[in-house]
Amino acid sequence: MLKSTFGKQKLIPIPGSGRGPVDKTLPDEPGLKCPSCSRRLKEKEVKEQHKLCPHCGYHFPLNVWERVEIMTDPDSFREFGAGLRSFNILDFPGYDEKLAQAIDETGLSEAFITGEATIGGYPCVLGILDARFMMGSMGSVVGEKVSRAVERAMEFNLPLIICTASGGARMQEGMLSLLQMAKTAAVLGRFHQAGLLYISIITNPTTGGVSASFASLADIILAEPGALIGFAGPRVIKQTISETLPADFQKAEFMLGHGMLDGIVERGQLKKTLELLLRLHGGVKHG
Amino acid sequence: MVKRHFDYEEKYKNLREKFQELKKLSQSMDFDLTQEFQQLEEKMEDIRGTKYHNLSPWEKVLLSRHPKRPVVKDYIEYLFEDWIELHGDRCYGDDRAIIGGIAVFEGIPLTVLGHQKGKDTNENLRNNFGMPHPEGFRKVERLIGQAEKFKRPVITFIDTPGAYPGLGAEERGQAWAIARVLMLFPQLQVPTIAIVTGEGGSGGALALSVADRLLMLSNSVFSVASAEACSSIIWKDAGRAEEMASYLRVTAQDLKELGIVDEIIPEPVGGAHQDFTALADSLKKSLELNLKELQALNREQLLKQRYRKIRGIGRFLE
Ligand SMILES: [Zn+2]
């Protein structure tokens, strides 16, 4: 919903090592600069560290394939639902072009990918939002894919893990996008009644319609260090109120302090943490 | 320059006054124009009626926010008997941007919830212009739980610019509070009816709108975010809000076409505040009918129908 939140932190593109399509926006320059500590970094050292700054621990954004790689067992991810595509329902000016551009730049068909995978041998249903695709905004397709992932997990009695990064509802789809919040929440209501485990991993940034629906309806909510998390974007809040905001306002650490998260997990620890949580919830290893 | 206020009615009133002056003047001068005046008067009313049937989306946005537009409490007081307001979320505070309580409708006790705008500046400041904090949504959560326990149908009224964007709201988990309500409404085992009476703004409005039936007054609007916000975010230009309002498809008529709204309650010419009683009476009739239909369903049918409706929202290619 609040695209403006993305303006705050410059997303420095770095070449992906994922198995997915190559990101065309990536420049060929050999070095990159950490947006947090401003140090020049070598690509290789960043990549080896799960795209963390070796000096200050800044978490560079990951695309969906890089996320699959750091979270799941090698070659275990099997995508489903890739055939769902958005179209310009309301004849909204510029939406077709925006969609085409996002598809072209990311090689994805939409902002959310879903699949089955194993983590430390434990099977699960996994969904990942990619902020590069129209700010990870939720339109009809993202809402539908979230719902189907939840239903898939119910069908096969699997735990569900969703990673978010989103500016909120996709305004170009008007009310149909806002109502995806209600839809995903309703489907998750059934999921919880079925007694299954849902882990939400909130990454930078997650605001608006995604934070106020499936991202916060999990049994266990984890976040990456420094991730911006909130309902309203910081710029809107600054415009609305005259109070000065705390320095860490809406950061994962701030939200943890206010009781909204179960924990903050550094990227390097994420897979291990998930493995443990799946085991603690009666996960049965494949094979 | 974007029009900020709906001033058609004021201008029309002005025109009427001038017209009466002219009438008086002509009478004093022994001009017999009775028939002509009558024709002219009819024509004026006609044009006015046509105008209200053809309001632009932006005019409807302005009308839905009109300072004289009836507030939720007006509806509660007119439609129900034995209204008793219940306060607080038992956790942090009592959010006056959302009112809730119990009332009787046609002999049936109901749980009633709604956004509460004020009628004047003072009241608006007290009610935060109908923009809820998390404690407002947690009050909703508490009161719908109560409705379920005592098997009371739930009626909600929607009229808010949106959930409040502020420090305290974020600290207390605005996103969490809204999400939770969105998850609980579909599970309620009692009939639920939501009515958009004014401004349906974003997630804060949505939180009260997940129901078996969604009704909208004919000049109310419901939008993913305000036209101003969408315009400044997508076009980096808040000045194009009027244009944005038509692209976003925010009117009751648009949303009925999209299958989001079940029924439109027609407002009198000039808007809800011109003839509140007539409007409230037709809303009452519609509520009676809808409630009767929903109460005829058994619990399984009710939940199944509601879930199918929510689950089916969205359009895509496959
Ligand atoms: Zn750094």
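Residues numbered from 1 in each chain as written. Chains lettered and ligands numbered in written order. Predicted model: local features only at pLDDT ≥ 70, side-chain atom pairs only at ≥ 80, totals over all residues. Heavy atoms only, no water.

1. Describing the overall build of chain A
In terms of helices and strands, chain A carries 10 helices and nine strands. Long-range pairs, those at least 24 residues apart, make up 71% of the contacts in chain A between residues at least 6 apart in sequence. (Helix = DSSP H or I, 4+ residues; strand = E, 2+ residues; numbered from the N terminus. Contact = heavy atoms within 4.5 Å.)

2. Some points on empty space enclosed by the protein
All names here are of chain B. Scanning all chains against the criterion turns up one cavity of 30 Å³ or more. Taken as a whole, the largest cavity spans an internal volume of roughly 110 Å³. As for the largest cavity, its lining consists of 14 residues, of which R65, V221, S223, S226 and A227 are closest to the centre. Secondary-structure elements contributing two or more residues to the lining of the largest cavity are β5 (192-201), β7 (221-223) and α10 (227-234). Here the element with the most residues in the lining of the largest cavity is β5; it accounts for three residues. Of the residues in the lining of the largest cavity, the class split is six nonpolar, five polar and three charged. (1 Å grid on protein atoms, 1.4 Å probe; cavity = no way out; pocket = protein on both sides within 12 Å on 5 of 7 lines; lining within 4 Å. Points joined across faces, edges and corners; volume = space filled by probe spheres on them. Nonpolar A, V, L, I, M, F, W, Y, C, P; charged D, E, K, R; others polar.)

3. What about the coordination of the zinc ion?
Put simply, a metal with four donors set out as a tetrahedron has ideal angles of 109.5 degrees, and one with six donors set out as an octahedron has ideal angles of 90 or 180 degrees. All names here are of chain A. Coordination of the zinc ion by the protein comes from C34 (SG), C37 (SG), C53 (SG) and C56 (SG), over a distance range of 2.2 to 2.4 Å. For the zinc ion, the four donor atoms are set out with angles of 106 to 114 degrees between them, so the coordination reads as tetrahedral. Motif for the zinc ion, donor spacing along one chain: C-x2-C-x15-C-x2-C. With a relative accessible area of 1%, C34 lands in the buried category. (Donors = N, O, S within 2.8 Å, 3.2 Å for Na, K, Ca; no water. Tetrahedral: all angles 85-135°; square planar, octahedral: opposite > 155°, others 65-115°. Buried < 20%, exposed > 50% of the residue type's maximum accessible area, 1.4 Å probe, protein only.)

4. Quick notes on the interface of chain A and chain B
Accessible area lost when the parts come together is the quantity often used to give the size of an interface. Taken together, the 64 residues of chain A in the interface contact 48 residues of chain B. In this assembly, chain A packs against chain B so that about 4,900 Å² is buried in total across both faces, 73% of it on carbon and sulfur atoms. Among the residues chain A hides against chain B, the three largest losses belong to M171, M175 and F231 of chain A. Together they make up 14% of the total. The tally of links from chain A across to chain B stands at three salt bridges. Measuring nitrogen to oxygen at the nearest pair gives 2.6 Å for the salt bridge that ties E151 of chain A to R311 of chain B. Elements that contribute at least two residues to the side of chain A that touches chain B include exactly α5 (140-155), α6 (174-193), α8 (234-240) and α9 (252-257) of chain A. Considering every element that reaches the side of chain A that touches chain B, the biggest residue donor is α6 of chain A, with 18 residues. Of the residues contributing to the side of chain A that touches chain B, the split by class is 37 nonpolar, 18 polar and nine charged. (Buried area = accessible area lost by both parts, 1.4 Å probe. Salt bridge = Lys/Arg side-chain N within 4 Å of Asp/Glu carboxyl O.)

5. Some thoughts on the sheet that holds strand β5 (residues 122-129) of chain A
All names here are of chain A. The seven strands are arranged β3-β4-β5-β6-β7-β8-β9 in an open sheet whose pairing can be described as mixed. Every interior strand has two partners, whereas the edge strands, β3 (78-80) and β9 (263-264), have only one. Pairing between strand β8 (residues 220-223) and β9: two bridges, direction parallel. Along β9, the bridge assignment pairs L222 with G263. (Pairing = 2+ DSSP bridges.)

6. Observations concerning the side chain of Q180 of chain A
Checked against the element boundaries, Q180 of chain A lands in helix α6. Ignoring anything within four residues of it in the chain, the contact list for Q180 of chain A reads M138, G139, S140, G143 and E144 of chain A together with I313 and G314 of chain B.

7. Comments concerning the pairing of strand β6 (residues 213-217) of chain B
Residue and element names in this part refer to chain B. Counting buried residues in β6 gives five out of five residues, a clear majority hidden from the surface. Of the two faces of β6, the one carrying R213, L215 and L217 and the one carrying L214 and M216 are both buried. In terms of strand pairing, β5 meets β6 through four bridges, oriented parallel. Its bridge partner being in β6, I195 is matched across the sheet by L215. Note that β6 and strand β8 (residues 263-265) share three bridges and pair parallel. In the sheet register, M216 faces β8, and the bridge partner there is I264.

8. Details of the packing of helix α3 (residues 64-71) of chain A against helix α10 (residues 267-280) of chain A
Residue and element names in this part refer to chain A. Interaxial distance between α3 and α10 falls to 8 Å at its minimum, and their mutual angle equals 55 degrees. Classified by the interaxial angle, the pair formed by α3 and α10 is oblique. Every residue of α10 that contacts α3 at R67, I70 and M71 is listed here: R267, L270, K271 and L274. For the contact of α3 with α10, the per-class residue count stands at four nonpolar, no polar and three charged. (Axes fitted to C-alpha atoms, helices over the stretch in contact; angles between N-to-C directions. Parallel < 35°, antiparallel > 145°, perpendicular 65-115°, else oblique.)

9. Description of the domain arrangement of chain A
Residue and element names in this part refer to chain A. On domain assignment, one finds that chain A holds domain 1 (26-60) and domain 2 (61-280). Each of domain 1 and domain 2 was reduced to a C-alpha centroid, and the two centroids are 24 Å apart. If you look at the interface, domain 1 gives six residues, while domain 2 gives nine residues. Taken together, both faces of the contact between domain 1 and domain 2 bury some 710 Å²; the carbon and sulfur share is 57%. The largest contributions to the domain 1 side of the interface with domain 2 come from H50, H59 and F60, which together make up 71% of the buried area. For the pair domain 1 and domain 2, the number of links is one salt bridge. A salt bridge links K51 to E66; the shortest N-O distance between them is 2.6 Å. Inspection of the region where domain 1 meets domain 2 yields six residue pairs in polar contact (both at pLDDT 80 or more). Here the side of domain 1 that touches domain 2 is built from residues that sort into three nonpolar, two polar and one charged. (Domains from an automatic or database assignment. Polar contact = N/O pair within 3.5 Å; in protein donor to acceptor, adjacent residues only side chain to side chain.)

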